[in-house]
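Residue-level structural notes
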Amino acid sequence: MAHFSNSRAPYWALGLLFGLLMLPNGALLWLGWPHFPMTGRIALPLSVLLTLGWFALFGSRLWLGCLLLAPAALLMPLQLFYAVNYAAPASVTVLGTLAASSTAESQQYMGRALGPMIAACGLCLLVALAAAWLAWRHRLRWQGRTRRRVLAAACLALLAVLAADFAKGSPEAGAPENRLTQTADAALRRIGQQLTAGYPSGTPLLLAQFGHYQYTARAAIDALADYRFGARLSTPTLGRQVYVLVVGESSQRGHWQLFGYPRATNPELSTEPNLVPISRMVSAFTQTMTALPVMLTRKPATAPGTALWPEASLVRAMREAGFETWWISNQYPTGPYDSTVAVYASEAEHVRWLNYSALNQGGNVDGALLAPLRQAIAGAHGNLFIVLHMLGSHEAYDARYPADFAHFKPVESQRDTQVPDWQRTLNSYDNTIRYTDFVLARIIDTLKASHAISALWFASDHGETLPSPTCDERGHGHQNRPEYQIPALFWYSGAYGQAFPERVATLRAHADQRTASASVFPSILDMAGVRIPDAPTAAQRSLFSPEWRFQTRWVNQFWLTDYDRTPVGPGCFAFEKPL
């Protein structure tokens, strides 16, 4: 670097600024991140090189480079706070939760760190401004071959990441005409992970992604803002009514004791006398963003999965019928798989987003839903409809339950054992089911304590593929049969049973029939006695209706499949492709 002063102050200021900006990256390395090694091995060194490249880019105007980094310096303590608490970089989903939180909720999240955090942010901003002023005052410049080499290395590294990801981008199995789109999409997701994980180089892309998802969700919300069902409560008021819909996540029916699984994964629900298992329900899709619209709206399984259905959800219908509506979520309002669900959440009068971590991190377990549920019931005096959205059994499984719920051992995170990987994964997954059992039991206890006419409906969005000696796949989105097999159940209070005995009897008569997640929308409306005019086929789908009829159970992911008539292959039980 060439300069026109013997003072070392600008060098110290510039070095201090660079060191502060690298603190989040250093913390992640110190804490053992990442959980996905290749992402971290690329993202963190790349961030260092790109930041050096930034200074090299402004070689003759280093003061301007420092000044433009002032916002990153201001936000650095927040990124460091998150890295230290979750051992992972901040993500779009985290920004979404923070943006959707009230001031009080954000203060509660920061706790006692709020005051020191504000001071730290101010101090880091002053460092950036001081570095910019000193660089300008002393006419500090970076020239020569070193600058050109650093700038070239940063550009080449960025291009190498882009090229490598597009070269290895392999699409999911699917229709041939979608292969190019799937390849590009997979590559862009990996690039996004690698670039946004590093600080501060990933921050512009992170904010751009956040803005895109926010814009998409807002456009969908605006498109449905004026939609009305004309719903009304058809039954006389017999007392206060409180109904809860619990949406599970990645829960596979075959691992529930209630449905015949030999392990004790439902020790509490198995003893509930007023509980009706819905034993043969299947989901229409194997990803949340496509599965939930079929469950929460009148969108048919045969409609394109990613297309916005031009009707509102049952939350709007219940609100029209006079219910005070809540959406309390342990998931996220913003992200590639979350913004669609946030559209339906926005239809509620009260919305709470509880989770400040990403899916592959720790963060809240589903017990966090219980306190807001109690507050919602205690704070209202009229009829209530509450949606609780769980994280349930989504990967990473060991992050979905407290340590004292590790009933089946060894678990996935215990690697110092001779137990096969697939068996440890199975143990961890079954622990998530057992914890879901605990949370559902506490929700039922809360409803009992309300002394209202109350009921609960639980259904998972989709199931899960688990590894075994004959299957090396895991997760969901593969179009394997277990990913469509979802647990569903209905619980009712004694007061509900006395007020609506015919509803309970009709549901029990249909509980063992072959049903689909498209039945959830009309069933919940019938459960609550809510009627929608001009809905001639609703009664044939509602499990509370004597007119219920079996209908072809179409499921979808890459192609439309008749669940009951399409053969499956060995191993992971994938549906065979149509000829």
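Below: a short report on this structure. Owing to the predicted nature of the structure, the values given are computational and were not obtained by experimental measurement. (Residues numbered from 1 in each chain as written. Predicted model: local features only at pLDDT ≥ 70, side-chain atom pairs only at ≥ 80, totals over all residues. Heavy atoms only, no water.)

Okay, the pattern of salt bridges next. Enumeration over the complete set of coordinates arrives at 12 salt bridges. Ionic pairing is found between Asp564 and Arg514, a salt bridge with its closest N-O pair at 3.9 Å. Note that Asp564 is positioned in the segment after strand E13 (561-562) and Arg514 in the loop between helix H17 (501-510) and strand E10 (515-516), a separation of 50 residues in sequence. Judged by its relative accessible area of 31%, Arg514 falls in the partly exposed class. Notably, a salt bridge pairs Asp526 with Arg531, separated by 2.9 Å at the nearest N-O pair. Members of the salt-bridge network, linked through shared partners, are Glu268, Arg442 and Asp445. (Salt bridge = Lys/Arg side-chain N within 4 Å of Asp/Glu carboxyl O. Helix = DSSP H or I, 4+ residues; strand = E, 2+ residues; numbered from the N terminus. Buried < 20%, exposed > 50% of the residue type's maximum accessible area, 1.4 Å probe, protein only.)

A word on the side chain of Arg253. Mapped onto the fold, Arg253 is located in the loop between strand E2 (241-248) and strand E3 (275-278). Although Arg253 is buried, it forms no salt bridge, and the closest oppositely charged side chain is Asp564 at an N-O distance of 8.6 Å. Looking at Arg253, its side chain comes within polar contact range of the main-chain oxygen of Met281, at 2.4 Å. (Lys, Arg positive; Asp, Glu negative; His and termini not counted. Polar contact = N/O pair within 3.5 Å; in protein donor to acceptor, adjacent residues only side chain to side chain.)

This part is about helix H18 (residues 520-528). Of all 9 residues in H18, 9 are buried; the element is thus mostly enclosed. For H18, the full list of buried residues reads Val520, Phe521, Pro522, Ser523, Ile524, Leu525, Asp526, Met527 and Ala528. Positive backbone phi, approximately 75°, marks Gly529, located one or two places after H18.

We now examine the nonpolar core. Membership of the largest hydrophobic core comes to 55 residues, with the highest contact counts inside it found for Tyr243, Trp327, Phe385, Trp457, Phe490 and Tyr496. Those residues in contact with Phe385, other than ones at most four positions away along the chain, are Tyr243, Leu245, Leu314, Val315, Met318, Phe323, Glu324, Thr325, Trp326 and Ile524. With 40 residues, the next largest nonpolar core counts Leu369, Met390, Ala452 and Leu456 among its residues. (Core = buried A, V, L, I, M, F, W, Y, C linked by side-chain atoms within 4.5 Å. Contact = heavy atoms within 4.5 Å.)

On to the state of the cysteines, then. Using the criterion set out here, one finds 1 disulfide in the structure. Covalent S-S linkage joins Cys471 and Cys572, the inter-sulfur distance amounting to 1.9 Å. Residues Cys471 and Cys572 share a disulfide whose torsion about the S-S bond is about 105°; that sign makes it right-handed. In this pair, Cys471 is assigned in the loop between strand E8 (453-460) and strand E9 (488-492) and Cys572 in the segment after E13, connecting sequence segments 101 residues apart. Summarising the burial analysis for this pair, Cys471 and Cys572 share the class buried. Residue Cys121 stays outside any disulfide, its sulfur separated by 6.9 Å from that of Cys124, the closest cysteine. (Disulfide = S-S within 2.5 Å.)

Before going further, it helps to spend a moment on the sheet that holds E2. What the 7 strands build is an open sheet, ordered E3-E9-E8-E2-E7-E5-E6; its pairing is mixed. Sheet topology places E3 and strand E6 (350-353) at the edges, where each strand pairs with a single neighbour. Going from strand to strand, the sheet's axes swing by 10° on average, the running direction of each strand aside. In terms of strand pairing, E2 meets strand E7 (residues 384-389) through 6 bridges, oriented parallel. Directly across from Tyr243, in E7, lies its bridge partner Phe385. (Pairing = 2+ DSSP bridges. Axes fitted to C-alpha atoms, helices over the stretch in contact; angles between N-to-C directions.)

Bringing the pairing of E7 into the picture now. Taking burial as the measure, the 6 residues of E7 include 6 buried ones, the bulk of the element. The side-chain alternation of E7 yields two buried faces, one formed by Leu384, Ile386 and Leu388 and the other by Phe385, Val387 and His389. Relative to E7, strand E5 (residues 324-329) is paired through 6 bridges, and the arrangement is parallel. Across the sheet, residue Thr325 finds its bridge partner in E7, namely Phe385.

So, about unusual backbone geometry. A cis amide bond links Glu395 with the next residue in sequence, Ala396, at an omega value of 0°. Examined against the element boundaries, Ala396 turns out to sit in the loop between E7 and helix H15 (421-450). Despite not being glycine, Arg139 shows a phi value in the positive range, around 55°. Counting through the fold element by element, Arg139 comes out in the loop between helix H7 (114-137) and helix H8 (145-168).

With that settled, the discussion passes to the packing of helix H4 (residues 70-86) against H7. One can describe the packing of H4 onto H7 by two numbers: an axis separation of 7 Å at closest approach and a directional angle of 145°. For the pair H4 and H7, the crossing hand works out as right-handed. Two secondary-structure elements touch here, H4 through Ala70, Ala73, Leu74, Met76, Pro77, Leu78 and Phe81 and H7 through Met117, Ala120, Cys121, Cys124, Leu125, Ala128 and Leu129. Considered class by class, the residues forming the contact of H4 with H7 number 14 nonpolar, no polar and no charged. (Left-handed = near helix turned anticlockwise from the far one by under 90°. Nonpolar A, V, L, I, M, F, W, Y, C, P; charged D, E, K, R; others polar.)

All right, on to the packing of helix H14 (residues 370-378) against H15 then. Following both chains from N to C, one finds H14 and H15 inclined at 15°, their axes separated by 11 Å at the closest point. Relative to H15, the element H14 is oriented roughly parallel. Relative to H15, H14 is oriented so that their crossing is right-handed. Judged by residue contacts, Leu370, Leu373, Arg374 and Ile377 of H14 engage Val439, Arg442, Ile443, Thr446, Leu447 and Ser450 from H15. Tallied by class, the residues present in the contact of H14 with H15 amount to 6 nonpolar, 2 polar and 2 charged. (Parallel < 35°, antiparallel > 145°, perpendicular 65-115°, else oblique.)

The next thing to look at is helix H10 (residues 203-224). Helix length check: H10, at 22 residues, gives a terminal C-alpha distance of 32 Å against a target of 32 Å (1.5 Å per residue), a fit within 8%. What H10 keeps buried is the set Thr203, Leu206, Phe210, Tyr213, Ala217, Ala220, Ile221 and Leu224. The arc that holds every buried residue of H10, seen down its axis, measures 130°, which confines them to one face. Pointing more than 90 degrees away from the buried face of H10 are the exposed residues Pro204, Tyr215 and Ala223. (Expected span 1.5 Å × (residues − 1). Arc of directions from axis to C-beta.)

For any pair of aromatic rings, geometry is given as the distance between the ring centres together with the angle between the planes. For the structure on display, the rule yields 21 aromatic pairs. Every member of this aromatic cluster is reached through a ring pair, and the members are Tyr243, Phe323, Trp457, Phe490, Tyr492, Tyr496, Phe500 and Phe544. Its guanidinium or amino end placed over the ring of Tyr563, Arg481 lies 4.1 Å from that ring's centre, counting from NZ or CZ. The cationic tip of Arg503 hangs over the ring face of Phe500; the distance from NZ or CZ to the ring centre is 3.6 Å. (Phe/Tyr/Trp six-rings, centres within 6.5 Å; stacked < 30°, edge-to-face > 60°. Lys NZ or Arg CZ within 6 Å of the ring centre and 35° of its normal.)

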